[in-house]
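Residue-level listing of the chains:
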Amino acid sequence: MKNNTFKEIAEVLLGAGKVLIYPHINPDGDAIGSAAAICRTLRNLGKTAYILIEDEVPDNLKFLDKGYTTFDHKITEDVDVSLCVDCGDFSRLPAREEKFREGKVTVCIDHHGTTENFCDYNYVDPQAAATGELIYALIKEMGIVPDVETGEAIFAAITTDTGNFQYSNTTRNCHLIMAELFDIGVDTNKVSVEIYENERPEKLMITARAFSTIEIIGGGRGAVAHLTLKDMEETGARPFETDRIIENIRSISGVEYAAFIKEKEPGVIRVSLRAKRRGDVAKIAADLGGGGHVKAAGCTLYMPLDQAVNLIKEKMEEAIKAL
Ligand SMILES: [Mn+2]
């Protein structure tokens, strides 16, 4: 699998009149930040550019969308370039695949290790903490100094995919880019407040409910929490507002394995698993028909909630014994 160069991809974009940008489904900060940064850059160059989405942009990322995103496949015809960002295969843009293929040239910029070269031009770097890092390099290769708004989008991409520079994927390059963003005048505190201190009370209510169910198992090395459908209804929380609960559970001192178990529908249970230092949750998830990474994985179980909680506790106890 061979990457194209940023120079080759920069030339493709500079030669295009109309570009549609494709972030992955359930878009996160990296997907939206990367897409917004390149969309802004292309528009600044006088090109027609939109971000074609199939899911709502999460509330705390809406500030990045300055009229870039659209659900409308007819927004522009004769697309020169279909550019997918932070997204490595058609299963991550299912409702947009046909439109994506309509582009005269297809380009993929991504950092997922599982991404195969599936476009005409590809740049996939699993060492990059965020696709935003790659988009930043591409913009510079286009000969452009990013403006403040572009810089804010790049910051959003990198801060969210690195757990605000805490995760093991954080590199010197992430911090070098931050230094350059300061040089162009990005107010990182302002953007951080938008992303991280912009929650609805309902999110805190549902988080409190999940916390109240925390069980410590395996002699302190495991923690499990759960939520029922009723919890979601009574608090009025939105589905994505429980996304970060699992990281909070993992943050407990001494915990190596964390699980967050959520009833999506009666008998349909979504399980999120995390490992801290030594554990491997990919194995547990795969055993249960799911998948993911060594430190972050998940699966769906088709059984009553209490049964799912017990099953996960058993699996975790086993894994903790093997630590
Ligand atoms: Mn990413």
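Overview of the structure. Predicted model, so just to flag it, every value in this text is computed and none were measured. (Residues numbered from 1 in each chain as written. Predicted model: local features only at pLDDT ≥ 70, side-chain atom pairs only at ≥ 80, totals over all residues. Heavy atoms only, no water.)

Take the overall build of the chain next. Across its full length, the chain carries twelve helices and twelve strands. C-alpha extents for the chain along the principal axes are approximately 60 × 40 × 40 Å. For the chain, the residues scored as buried account for 51% of the 323 residues in total. In the chain, once contacts between residues fewer than 6 apart in sequence are set aside, the share between residues at least 24 apart is 64%. For the chain, the computed accessible surface area is about 14,700 Å², with 49% contributed by carbon and sulfur atoms. In the chain, the 37 positive side-chain charges and the 51 negative ones have mean positions that sit 3 Å from each other. (Helix = DSSP H or I, 4+ residues; strand = E, 2+ residues; numbered from the N terminus. Buried < 20%, exposed > 50% of the residue type's maximum accessible area, 1.4 Å probe, protein only. Contact = heavy atoms within 4.5 Å. Areas by Shrake-Rupley, 256 points an atom, 1.4 Å probe, with all protein chains shown as cover. Lys, Arg positive; Asp, Glu negative; His and termini not counted. Charge placed at Lys NZ, Arg CZ, Asp CG, Glu CD.)

As a further point, take the packing of aromatic side chains. Each aromatic ring pair is characterised by the separation of its centres together with the angle its planes make. Applying the stated rule across the entire model yields six aromatic pairs. When the ring of Phe90 is compared with that of Phe100, the centres are 5.9 Å apart and the planes differ by 75°; the resulting orientation is edge-to-face. Of this pair, Phe90 sits in the loop between strand S4 (81-85) and helix H3 (97-102) while Phe100 sits in helix H3, and the two are ten residues apart along the sequence. For the pair shown, Phe90 and Phe100 are each scored as buried. (Phe/Tyr/Trp six-rings, centres within 6.5 Å; stacked < 30°, edge-to-face > 60°.)

We now examine the environment of Ile261. Checked against the element boundaries, Ile261 lands in strand S9 (residues 257-265). When its relative accessible area of 0% is taken as the criterion, Ile261 is described as buried. Not counting residues within four places of it along the chain, the set of residues in contact with Ile261 comprises Val224, Ala225, His226, Leu227, Ile269, Arg270, Val271, Leu305, Ala308, Val309 and Ile312.

On to unusual backbone geometry. At Asn26, a position not held by glycine, the phi torsion is positive, near 45°. Inspection of the secondary structure puts Asn26 in the loop between strand S1 (18-23) and helix H2 (29-44). Phi is positive for Asp86, close to 60°, though the residue is something other than glycine. Mapping Asp86 onto the fold places it in the loop between S4 and H3. Since its relative accessible area comes to 0%, Asp86 is described here as buried.

Let's shift gears to the side chain of Thr150. Along the chain, Thr150 falls in helix H5 (residues 148-161). In this structure Thr150 comes out as buried when scored by relative accessible area, which is 1%. In contact with Thr150, not counting residues within four places along its chain, are Ala37, Arg40, Thr41 and Ile139.

If you look at the biggest cluster of nonpolar residues, it comprises 51 residues, and the most contacted ones within it are Leu13, Ile21, Ile38, Leu83, Ile109 and Leu138. Ranked by residue count, the leading element in this core is H2, at seven residues. Discounting residues that sit within four places of it in the chain, Leu83 has contacts with Leu13, Val19, Leu20, Ile21, Tyr22, Ile38, Phe100, Val107 and Ile109. The next biggest cluster of nonpolar side chains, apart from the first, holds 24 residues, and it includes Leu273, Ile284, Ala308 and Met316. (Core = buried A, V, L, I, M, F, W, Y, C linked by side-chain atoms within 4.5 Å.)

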